[in-house]
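# A closer look at the structure
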Amino acid sequence: MAKPWIKVIDEDAPDMDPNLADMYGKMQDPRGHVDNILKIHSLHPESLRVHFDFYKLVMYGRSKLSRIQREMIAVVASAANE
(Lines give C-alpha, C1' and ligand atoms only; values in the text may rest on other atoms or scores of the structure.)
Protein backbone atom coordinates (compact mmCIF):
# COMPACT_ATOMS: atom_id res chain seq x y z
CA MET A 1 0.00 0.00 0.00
CA ALA A 2 1.33 3.45 -0.91
CA LYS A 3 1.95 5.89 1.93
CA PRO A 4 0.27 9.30 1.73
CA TRP A 5 2.42 12.20 0.66
CA ILE A 6 1.83 15.83 1.54
CA LYS A 7 4.02 18.67 0.29
CA VAL A 8 5.71 20.46 3.18
CA ILE A 9 8.25 23.22 3.68
CA ASP A 10 11.27 21.87 5.55
CA GLU A 11 13.10 23.70 8.33
CA ASP A 12 16.08 24.47 6.08
CA ALA A 13 14.12 25.70 3.05
CA PRO A 14 15.63 28.77 1.40
CA ASP A 15 13.49 31.91 1.21
CA MET A 16 11.00 30.64 3.79
CA ASP A 17 8.16 33.02 4.65
CA PRO A 18 9.30 34.98 7.74
CA ASN A 19 6.05 34.16 9.58
CA LEU A 20 6.58 30.42 9.00
CA ALA A 21 10.26 30.70 10.00
CA ASP A 22 9.22 32.38 13.26
CA MET A 23 6.70 29.62 14.04
CA TYR A 24 9.19 26.88 13.16
CA GLY A 25 11.68 28.52 15.53
CA LYS A 26 9.17 28.09 18.38
CA MET A 27 8.34 24.49 17.42
CA GLN A 28 11.80 23.00 16.89
CA ASP A 29 13.11 20.34 19.20
CA PRO A 30 16.66 20.68 20.59
CA ARG A 31 18.07 19.18 17.37
CA GLY A 32 16.31 21.82 15.25
CA HIS A 33 13.68 19.37 13.96
CA VAL A 34 9.99 20.24 13.49
CA ASP A 35 7.60 17.28 13.77
CA ASN A 36 6.00 16.16 10.51
CA ILE A 37 2.53 16.45 12.05
CA LEU A 38 3.21 20.20 12.28
CA LYS A 39 4.99 20.54 8.93
CA ILE A 40 1.90 19.31 7.07
CA HIS A 41 0.48 22.78 7.76
CA SER A 42 3.53 24.62 6.41
CA LEU A 43 1.77 25.72 3.22
CA HIS A 44 -0.89 27.41 5.37
CA PRO A 45 0.85 28.99 8.39
CA GLU A 46 -2.40 30.08 10.07
CA SER A 47 -3.57 26.46 10.32
CA LEU A 48 -0.12 25.60 11.72
CA ARG A 49 -0.57 28.19 14.47
CA VAL A 50 -4.05 26.87 15.32
CA HIS A 51 -2.84 23.24 15.32
CA PHE A 52 0.09 24.08 17.60
CA ASP A 53 -2.13 26.01 20.02
CA PHE A 54 -4.53 23.04 20.11
CA TYR A 55 -1.63 20.63 20.72
CA LYS A 56 -0.39 22.74 23.65
CA LEU A 57 -3.89 22.79 25.14
CA VAL A 58 -4.35 19.01 24.80
CA MET A 59 -0.89 18.11 26.08
CA TYR A 60 -0.33 20.79 28.72
CA GLY A 61 -3.81 22.05 29.69
CA ARG A 62 -5.72 21.00 32.78
CA SER A 63 -6.80 17.37 32.62
CA LYS A 64 -7.49 14.34 34.80
CA LEU A 65 -4.80 12.59 32.76
CA SER A 66 -1.17 13.17 33.68
CA ARG A 67 1.28 14.50 31.11
CA ILE A 68 2.88 11.05 30.92
CA GLN A 69 -0.49 9.38 30.29
CA ARG A 70 -1.21 11.82 27.47
CA GLU A 71 2.20 11.11 25.92
CA MET A 72 1.57 7.36 26.14
CA ILE A 73 -1.77 7.77 24.34
CA ALA A 74 -0.03 9.82 21.63
CA VAL A 75 2.67 7.18 21.17
CA VAL A 76 0.13 4.35 20.88
CA ALA A 77 -1.99 6.35 18.40
CA SER A 78 1.11 7.17 16.31
CA ALA A 79 2.20 3.52 16.28
CA ALA A 80 -1.29 2.39 15.26
CA ASN A 81 -1.28 4.96 12.45
CA GLU A 82 2.27 4.01 11.40
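The paragraphs below set out a description of the structure included in this document.

## A word on helix H3 (residues 45–60)
- Between the first and last C-alpha of H3 there are 22 Å, a value that for 16 residues agrees with the 22 Å anticipated at 1.5 Å per step.
- Among the residues of H3, those classed as buried are Pro-45, Leu-48, Phe-52 and Met-59. Relative to the axis of H3, the buried residues are bounded by an arc of 55° and lie together on one face. Facing away from the buried side of H3 by more than 90 degrees, the exposed set consists of Phe-54 and Leu-57.
- The inward-facing, buried residues of H3 contact helix H1 (18–27), helix H2 (36–39) and helix H4 (67–80).

## Details of the layout of surface pockets
- What the largest pocket holds in volume is close to 760 Å³.
- Around the largest pocket, the lining is made up of 24 residues, and of these Asp-35, Ile-37, Tyr-55, Ala-74 and Ser-78 lie nearest the centre.
- Residue assignment for the lining of the largest pocket shows that the elements contributing at least two residues are H2, H3 and H4.
- Of the residues forming the lining of the largest pocket, the biggest block, eight residues, is contributed by H3.
- Of the residues that constitute the lining of the largest pocket, the class distribution is 14 nonpolar, five polar and five charged.

## Some details on the packing of H1 against H3
- With their axes 10 Å apart at the nearest point, H1 and H3 run at an angle of 20° to one another. Judged on the interaxial angle alone, H3 and H1 are roughly parallel. Helix-helix and strand crossings are classified by hand; for H1 and H3 the assignment is left-handed. Two secondary-structure elements touch here, H1 through Asn-19, Leu-20, Met-23, Tyr-24, Lys-26 and Met-27 and H3 through Pro-45, Leu-48, Arg-49 and Phe-52.
- Among the residues making up the contact of H1 with H3, the classes are represented as seven nonpolar, one polar and two charged.

## As for the side chain of Arg-70
- Inspection of the secondary structure puts Arg-70 in helix H4.
- Summary of buried charges: Arg-70 has no salt-bridge partner, and the nearest side chain of opposite charge, Glu-71, is 8.4 Å away.
- Not counting residues within four places of it along the chain, the set of residues in contact with Arg-70 comprises Leu-57, Val-58, Met-59, Tyr-60, Gly-61, Ser-63 and Leu-65.

## A look at the packing of aromatic side chains
- Across all of its chains, the model carries two aromatic pairs by this definition.
- Seen in terms of ring centroids, Phe-52 and Tyr-55 are 6.3 Å apart; in terms of plane orientation they differ by 20°. Their pairing is stacked. Placement of both Phe-52 and Tyr-55 in helix H3 is noted, with a separation of three residues, approximately one turn of the helix.
- A relative accessible area of 16% places Phe-52 in the buried class.
- Note on Tyr-55: relative accessible area 34%, which makes it partly exposed.
- Judged by centre distance (6.4 Å) and plane angle (85°), the rings of Tyr-55 and Tyr-60 are edge-to-face.
- Put simply, the rings of Phe-52, Tyr-55 and Tyr-60 pair up and form one aromatic cluster.

The rules behind the values
- Residues numbered from 1 in each chain as written.
- Predicted model: local features only at pLDDT ≥ 70, side-chain atom pairs only at ≥ 80, totals over all residues.
- Heavy atoms only, no water.
- Helix = DSSP H or I, 4+ residues; strand = E, 2+ residues; numbered from the N terminus.
- Expected span 1.5 Å × (residues − 1).
- Buried < 20%, exposed > 50% of the residue type's maximum accessible area, 1.4 Å probe, protein only.
- Arc of directions from axis to C-beta.
- Contact = heavy atoms within 4.5 Å.
- 1 Å grid on protein atoms, 1.4 Å probe; cavity = no way out; pocket = protein on both sides within 12 Å on 5 of 7 lines; lining within 4 Å.
- Points joined across faces, edges and corners; volume = space filled by probe spheres on them.
- Nonpolar A, V, L, I, M, F, W, Y, C, P; charged D, E, K, R; others polar.
- Axes fitted to C-alpha atoms, helices over the stretch in contact; angles between N-to-C directions.
- Parallel < 35°, antiparallel > 145°, perpendicular 65-115°, else oblique.
- Left-handed = near helix turned anticlockwise from the far one by under 90°.
- Lys, Arg positive; Asp, Glu negative; His and termini not counted.
- Salt bridge = Lys/Arg side-chain N within 4 Å of Asp/Glu carboxyl O.
- Phe/Tyr/Trp six-rings, centres within 6.5 Å; stacked < 30°, edge-to-face > 60°.

Geometry only, nothing functional implied.
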